[in-house]
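Here is how the chains run, residue by residue.
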Amino acid sequence: MDLLTGKEVANKIKENILKDMEILKEKKKVLPHLALFSMGKDEASLVYVRKIEQNCKKYGINISIFFAKTEEEFNNCINELYNHIKCINCENNKNTDNSL
(Lines give C-alpha, C1' and ligand atoms only; values in the text may rest on other atoms or scores of the structure.)
Protein backbone atom coordinates (compact mmCIF):
# COMPACT_ATOMS: atom_id res chain seq x y z
CA MET A 1 0.00 0.00 0.00
CA ASP A 2 1.43 3.35 -1.08
CA LEU A 3 1.17 6.41 1.10
CA LEU A 4 -0.29 9.44 -0.63
CA THR A 5 0.75 12.77 0.85
CA GLY A 6 -1.11 16.05 0.64
CA LYS A 7 1.99 17.71 -0.78
CA GLU A 8 2.06 15.29 -3.72
CA VAL A 9 -1.61 15.91 -4.45
CA ALA A 10 -1.16 19.68 -4.15
CA ASN A 11 1.82 19.62 -6.53
CA LYS A 12 -0.17 17.63 -9.10
CA ILE A 13 -3.06 20.10 -8.85
CA LYS A 14 -0.65 23.01 -9.30
CA GLU A 15 0.87 21.37 -12.39
CA ASN A 16 -2.61 20.95 -13.86
CA ILE A 17 -3.48 24.57 -13.12
CA LEU A 18 -0.33 25.78 -14.90
CA LYS A 19 -1.16 23.63 -17.95
CA ASP A 20 -4.75 24.88 -17.99
CA MET A 21 -3.63 28.51 -17.72
CA GLU A 22 -1.22 28.02 -20.61
CA ILE A 23 -4.01 26.55 -22.77
CA LEU A 24 -6.41 29.37 -21.88
CA LYS A 25 -3.89 32.10 -22.57
CA GLU A 26 -2.03 30.76 -25.61
CA LYS A 27 -4.60 28.72 -27.49
CA LYS A 28 -7.92 30.26 -26.50
CA LYS A 29 -6.70 33.85 -25.91
CA VAL A 30 -8.56 34.01 -22.59
CA LEU A 31 -7.12 35.87 -19.62
CA PRO A 32 -8.49 34.31 -16.42
CA HIS A 33 -9.71 36.78 -13.82
CA LEU A 34 -10.89 36.13 -10.26
CA ALA A 35 -13.18 38.51 -8.38
CA LEU A 36 -12.81 38.04 -4.63
CA PHE A 37 -15.29 39.55 -2.18
CA SER A 38 -14.49 39.89 1.52
CA MET A 39 -16.70 41.13 4.31
CA GLY A 40 -14.74 42.94 6.99
CA LYS A 41 -10.99 43.11 7.40
CA ASP A 42 -10.14 40.86 10.33
CA GLU A 43 -6.58 39.50 10.35
CA ALA A 44 -7.54 35.91 9.42
CA SER A 45 -9.49 37.15 6.38
CA LEU A 46 -6.63 39.37 5.27
CA VAL A 47 -4.18 36.46 5.47
CA TYR A 48 -6.57 34.35 3.37
CA VAL A 49 -7.00 37.14 0.80
CA ARG A 50 -3.22 37.70 0.56
CA LYS A 51 -2.63 33.98 0.01
CA ILE A 52 -5.21 33.85 -2.77
CA GLU A 53 -3.68 36.97 -4.34
CA GLN A 54 -0.20 35.38 -4.24
CA ASN A 55 -1.47 32.20 -5.87
CA CYS A 56 -3.25 34.15 -8.58
CA LYS A 57 -0.05 36.02 -9.41
CA LYS A 58 1.89 32.77 -9.36
CA TYR A 59 -0.45 31.17 -11.90
CA GLY A 60 -1.02 34.21 -14.08
CA ILE A 61 -4.60 34.86 -13.00
CA ASN A 62 -5.73 38.48 -12.72
CA ILE A 63 -7.55 39.30 -9.51
CA SER A 64 -9.86 42.05 -8.30
CA ILE A 65 -10.43 42.26 -4.56
CA PHE A 66 -13.50 43.92 -3.11
CA PHE A 67 -13.76 44.67 0.63
CA ALA A 68 -17.07 45.56 2.25
CA LYS A 69 -17.99 46.46 5.82
CA THR A 70 -21.74 46.29 5.42
CA GLU A 71 -24.26 44.34 3.39
CA GLU A 72 -25.00 47.51 1.43
CA GLU A 73 -21.33 47.94 0.51
CA PHE A 74 -21.16 44.28 -0.44
CA ASN A 75 -24.19 44.65 -2.74
CA ASN A 76 -22.64 47.77 -4.27
CA CYS A 77 -19.46 45.80 -5.02
CA ILE A 78 -21.48 43.04 -6.69
CA ASN A 79 -23.37 45.61 -8.78
CA GLU A 80 -20.12 47.35 -9.75
CA LEU A 81 -18.65 44.07 -10.95
CA TYR A 82 -21.85 43.09 -12.75
CA ASN A 83 -21.94 46.41 -14.61
CA HIS A 84 -18.28 46.06 -15.54
CA ILE A 85 -18.86 42.56 -16.95
CA LYS A 86 -21.96 43.73 -18.80
CA CYS A 87 -19.92 46.55 -20.35
CA ILE A 88 -17.19 44.14 -21.48
CA ASN A 89 -19.79 41.81 -23.00
CA CYS A 90 -21.35 44.73 -24.91
CA GLU A 91 -17.94 45.70 -26.32
CA ASN A 92 -17.19 42.09 -27.29
CA ASN A 93 -20.54 41.76 -29.05
CA LYS A 94 -19.88 44.94 -31.08
CA ASN A 95 -16.74 43.33 -32.47
CA THR A 96 -18.43 40.05 -33.32
CA ASP A 97 -19.93 39.27 -36.68
CA ASN A 98 -23.24 37.59 -35.84
CA SER A 99 -24.31 37.15 -39.46
CA LEU A 100 -25.06 33.71 -40.83
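Being a predicted model, the structure only gives us computed values, none of them experimental.

Calculation criteria
Residues numbered from 1 in each chain as written. Predicted model: local features only at pLDDT ≥ 70, side-chain atom pairs only at ≥ 80, totals over all residues. Heavy atoms only, no water. Helix = DSSP H or I, 4+ residues; strand = E, 2+ residues; numbered from the N terminus. Salt bridge = Lys/Arg side-chain N within 4 Å of Asp/Glu carboxyl O. Buried < 20%, exposed > 50% of the residue type's maximum accessible area, 1.4 Å probe, protein only. Phe/Tyr/Trp six-rings, centres within 6.5 Å; stacked < 30°, edge-to-face > 60°.

A. Layout of unusual backbone geometry. Non-glycine residue K29 carries a positive phi angle of around 55°. Within the secondary structure layout, K29 lies in the loop between α1 (6-27) and β1 (33-39).

B. Inspection of the pattern of salt bridges at higher detail. Within the structure shown, the criterion is met by one salt bridge. Here E43 makes a salt bridge to R50, at a shortest N to O gap of 3.3 Å. Assessed through its relative accessible area of 51%, E43 is described here as exposed. R50 gets classed as partly exposed once you look at its relative accessible area, which sits at 42%.

C. Highlighting the packing of aromatic side chains. For the structure on display, the rule yields two aromatic pairs. With a centroid separation of 4.9 Å and an interplanar angle of 15°, the aromatic rings of F37 and F66 are classed as stacked. Of the two residues, F37 sits in strand β1 while F66 sits in strand β2 (residues 62-68), which places them 29 residues apart along the sequence. What makes F37 partly exposed here is its relative accessible area of 27%. Ring plane angle 70° and centroid distance 5.7 Å describe the contact between F37 and F74, whose orientation is recorded as edge-to-face. Of this pair, F37 sits in strand β1 while F74 sits in helix α3 (residues 71-94), placing them 37 residues apart in sequence. Taking relative accessible area as the criterion, F74 reaches 27% and is therefore assigned partly exposed. Put simply, the rings of F37, F66 and F74 pair up and form one aromatic cluster.

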